[in-house]
Structures are given as structure tokens and as C-alpha cells.
Amino acid sequence: MVSKRIVKVLLKLLRVLVENSNRHVHTQFSQILHLHSVFIQFSTLFLQFEFIYTNCSVNSWGLLKRLTSPPKAIESTLGQKKPKVVFVLGGPGSGKGTQCANIVEHFGYTHLSAGDLLRAEIKSGSENGTMIQNMIKEGKIVPSEVTIKLLEKAILENENDKFLIDGFPRNEENRAAFEAVTGIVPEFVLFFDCPEEEMEKRLLGRNQGREDDNIDTIRKRFKVFLESSLPVIEHYNSKGKVRKIDAAKPVGEVFEAVKALFTPVKRGGGGPLPRGFYVTVTSLISSSTEFG
Ligand SMILES: Nc1ncnc2c1ncn2[C@@H]1O[C@H](COP(=O)(O)OP(=O)(O)O)[C@@H](O)[C@H]1O
Ligand SMILES: Nc1ccn([C@@H]2O[C@H](COP(=O)(O)OP(=O)(O)O)[C@@H](O)[C@H]2O)c(=O)n1
């Protein structure tokens, strides 16, 4: 250790000074002796500090830095990464996951499905598992804190800087909390617009063994989508961020429309929803909902 070596060199120097002492040297010698004693005290303290934290398996320099710098907020961690984020929204069964897989393949994004992350959390046996499972069974939205933590971890663990966040934000609480905690503003919001009858048919035929793909839960999810998720799309529409896709078409045709949004030279296939735009998902309710 450097400090031990310095102490040894100093002691050697002192010995040489004592051996060759004369009157002139003697005055300097007492000053050096004083300095030496101060130095020894400091070194001892430093060695004790080093010993304690090495034995606590903590890097003392790292610990010092952590103690002297303010606690890092999630925002600053994600803020440093500055990921490019596209939110992928749409009703249950509108084809979000299907199209995300295509975008990943063609445009190098990483797909993060909020629903998949929550299902993985249940499987991992986490303490939140039972709560998440019950919420999903009821088609309810899991508290933002839980979902945001999972998203943040997934973003930070991945080296990519381009992410498709699928199925999030699903309500105003999701949206506001994500913005407040991460500081991330989406590049745009990809909105898959699909009528209820089509989504219901797709979900009942999805066959992925999902507990929530039964008619009772599907109806609850449609209701939650209308009441809680559409206002989020409306919010982003008012900021000119929504790119609407007609998701009732066959997979290939839907992807052609999606491609246009991700290909810079061909950009222009989407664009913000015009004021007074009516979405087909509003067949879920008796009257249409007006955006803008
Ligand atoms: N454009 C489409 N036309 C017909 N079926 C589709 C289309 N897009 C997706 N599907 C099918 O519908 C089901 C739901 O699609 P998925 O991508 O899982 O939707 P979401 O992620 O929005 O819930 C899947 O079985 C999928 O294969
Ligand atoms: N942001 C989110 C996303 C999903 N979820 C839960 O996960 C369920 C499934 O979401 P999903 O995105 O995988 O599936 P779809 O409903 O879009 O088909 C939702 O019905 C919610 O219960 C949530 O609570 N919060």
C-alpha cells in the first residue's frame, strides 16, 4: 500500500538525519520530527479507514465518493443514458406485440412490454407477485411505482438506446409518474386503432394461455382502456405526438404503415390526429369520442 511505503521512506530519512546530525541539521530535524508525527497520525487514521471498509467488502474510494455526492435520483441515471423512447399504445389485442416484433427486426429497437415485465415479475416469485396477478386477472392497472421500476431496470440493463415501450403508459397516473421519475419524453406515440369486435376475436384466438384472455376479463380490459388509456392518447394528441395506425387491417398492411413512420425519408404516413378526429375504438361505447 502506498501510504505504508511513504511511512517507511520517511522513517529511513529520519534515521539518516539522526546519524548525520550537527547543529545546523538539528534545527531542521526538530521541524521534520514534528511533521513526521503529524504524518504518522494521519497515516494511522487512513489505514484504519481502509481496513474497516475493505473488510466490509466495500471499495473505500467508491464509498467515499458515494458519501460525498448527493443521492442519485432515477431521473439522473436514466437522464444520463438519454434513451430514445416510442410508446406503443392501443386496445388489448390491437396488435401491439405483433408489430413491435416487426419493428425490432427492421429498425433495431428493443421491445419492452409492460405486460410481459409484470408477468415475468409474477413468475420470479417476487413479493409483489400475488398483487400483480390479482390485478391482471381483474384487468386492472398495476400501481405505477411497480411498473416503472421494472421498465427502468430493463432500460438500464440494456445497451441499446432505442426502446419501444408497449402497453405503457396505460393511465394518467402511469404517464405523469413516468415523466416525473425518469424525465423521459417519448419521440412519439404509436397508436393502434382497432374496433372492439376485431380485438375481441383476436384475444379469444390468441392461445397463449393467458389468464386474462377470457371473455369476462377481456370486457373489463376494454372498459379500462376506454376510461383510463384513451385519455392518455388524448393527452399526447394535444401535444402533436400521436401517430395513428389503422390496426384492423392484415398484419402485413399494418406494418407497411408502421414502416413509414420509422423510415426517415418516407416519414409522413402518420402525423398527429387532426382536431375532431374520431377513433374506431369508440365502437366500444355507444357514442364516439372526439379528440382534440
Ligand atoms: N393485424 C392483425 N390481423 C389479425 N390478427 C392479428 C393482427 N395483429 C395481431 N394479430 C393477432 O391478434 C392477437 C393479439 O395480437 P397482439 O400483438 O398480441 O396484441 P396486443 O399486444 O395489442 O395485445 C395475436 O394472436 C396476433 O397473432
Ligand atoms: N402499464 C401496464 C400494462 C399492463 N398492465 C397489466 O397487464 C395486463 C396485460 O397487459 P398487456 O399489455 O400485456 O396486454 P393487452 O391487454 O394489451 O393485450 C393489463 O390488463 C393490466 O392488468 C398494467 O397493469 N399496467
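Residues numbered from 1 in each chain as written. Chains lettered and ligands numbered in written order. Predicted model: local features only at pLDDT ≥ 70, side-chain atom pairs only at ≥ 80, totals over all residues. Heavy atoms only, no water.

**Observations concerning the overall build of the chain**
Here's step 1: Tallying secondary structure elements over the chain gives twelve helices and five strands in all.
Here's step 2: Burial statistics for the chain: of 292 residues in total, 39% are counted as buried.
Here's step 3: A fraction of 72% describes how many contacts in the chain between residues 6 or more apart in sequence connect residues 24 or more apart.
Here's step 4: Here the chain has roughly 17,000 Å² of accessible surface; of this, 56% comes from carbon and sulfur atoms. (Helix = DSSP H or I, 4+ residues; strand = E, 2+ residues; numbered from the N terminus. Buried < 20%, exposed > 50% of the residue type's maximum accessible area, 1.4 Å probe, protein only. Contact = heavy atoms within 4.5 Å. Areas by Shrake-Rupley, 256 points an atom, 1.4 Å probe, with all protein chains shown as cover.)

**Description of the side chain of Glu200**
Here's step 1: Mapped onto the elements of the fold, Glu200 is located in helix 10 (residues 196-204).
Here's step 2: One polar contact links Glu200 to Arg219, side chain to side chain, over a distance of 3.4 Å.
Here's step 3: Setting aside chain neighbours within four positions, we find Glu200 in contact with Ile215, Ile218, Arg219 and Phe222. (Polar contact = N/O pair within 3.5 Å; in protein donor to acceptor, adjacent residues only side chain to side chain.)

**A look at the sheet that holds strand 4 (residues 188-193)**
Here's step 1: The sheet built from five strands is open, its strands ordered 2-3-1-4-5 with parallel pairing. Because the sheet does not close on itself, it has two edges, and the strands there are strand 2 (110-113) and strand 5 (242-246). Strand-to-strand twist of the sheet, defined as the mean angle between neighbouring strand axes without regard to direction, takes the value 25 degrees.
Here's step 2: Here strand 2 pairs with strand 3 (residues 162-166) via four bridges, running parallel. Looking across to strand 3, one finds that His111 is bridged to Leu164. (Pairing = 2+ DSSP bridges. Axes fitted to C-alpha atoms, helices over the stretch in contact; angles between N-to-C directions.)

**Re the pattern of salt bridges**
Here's step 1: Enumeration according to the criterion identifies 16 salt bridges in this entry.
Here's step 2: As a salt-bridge pair, Arg175 and Glu179 come within 3.3 Å of each other at their nearest N and O atoms. Taken as a pair, Arg175 and Glu179 lie in helix 9 (residues 172-182) at a separation of four residues, close to a single helical turn.
Here's step 3: Judged by its relative accessible area of 30%, Glu179 is partly exposed.
Here's step 4: Here Arg206 ties to Asp213 by a salt bridge, and the two come within 2.9 Å at their closest N and O atoms.
Here's step 5: Using a relative accessible area of 14% as the deciding quantity, one classes Asp213 as buried.
Here's step 6: Sharing partners across several salt bridges, the network here consists of Arg206, Arg210, Asp212, Asp213 and Arg221. (Salt bridge = Lys/Arg side-chain N within 4 Å of Asp/Glu carboxyl O.)

**A short note on the site of ligand 2**
Here's step 1: The immediate surroundings of ligand 2 are formed by 20 residues, with Lys96, Arg119, Lys140, Val142 and Arg170 found nearest.
Here's step 2: The side chain of Arg170 places a nitrogen or oxygen atom 2.9 Å from an oxygen atom of ligand 2.
Here's step 3: Here Arg206 contributes a side-chain N or O atom positioned 3.2 Å from an oxygen atom of ligand 2.
Here's step 4: Across the complex, the protein chains shield 97% of the 520 Å² of accessible surface that ligand 2 would expose by itself.
Here's step 5: When atom positions are compared with the pocket grids, ligand 2 is found to occupy the largest pocket.
Here's step 6: Within the residue set of the shell around ligand 2, elements represented by two or more residues are helix 6 (114-123) and helix 7 (129-137).
Here's step 7: Split by residue class, the shell around ligand 2 holds eight nonpolar, four polar and eight charged. (Near = heavy atom within 4 Å. 1 Å grid on protein atoms, 1.4 Å probe; cavity = no way out; pocket = protein on both sides within 12 Å on 5 of 7 lines; lining within 4 Å. Sits in = over half its atoms within 2 Å of the grid points. Nonpolar A, V, L, I, M, F, W, Y, C, P; charged D, E, K, R; others polar.)

**Some words on the environment of Glu138**
Here's step 1: Inspection of the secondary structure puts Glu138 in the loop between helix 7 and helix 8 (144-157).
Here's step 2: Residue contacts for Glu138: discarding those within four places in its chain leaves Thr217 and Lys220.

**Some remarks on the site of ligand 1**
Here's step 1: Neighbouring ligand 1 are 13 residues, the closest being Lys96, Gly97, Thr98, Arg206 and Lys249.
Here's step 2: Separating an oxygen atom of ligand 1 from a backbone N or O atom of Gly95 is a distance of 3.1 Å.
Here's step 3: For ligand 1, an oxygen atom lies 2.5 Å from a polar atom in the side chain of Thr98.
Here's step 4: The site holding ligand 1 turns out to be the largest pocket.
Here's step 5: The element that contributes the greatest number of residues to the shell around ligand 1 is helix 5 (residues 96-107), accounting for three residues.

**Side note on the packing of aromatic side chains**
Here's step 1: Tallied over the full model, the rule gives seven aromatic pairs.
Here's step 2: Consider the rings of Phe87 and Phe168, whose centres lie 6.3 Å apart with planes at 65 degrees: the pair is edge-to-face. Of the two residues, Phe87 sits in strand 1 (residues 84-90) while Phe168 sits in the loop between strand 3 and helix 9, which places them 81 residues apart along the sequence. A single burial state applies to Phe87 and to Phe168, both of which are buried. (Phe/Tyr/Trp six-rings, centres within 6.5 Å; stacked < 30°, edge-to-face > 60°.)

Remember, this is a structural readout, not a statement about activity or role.
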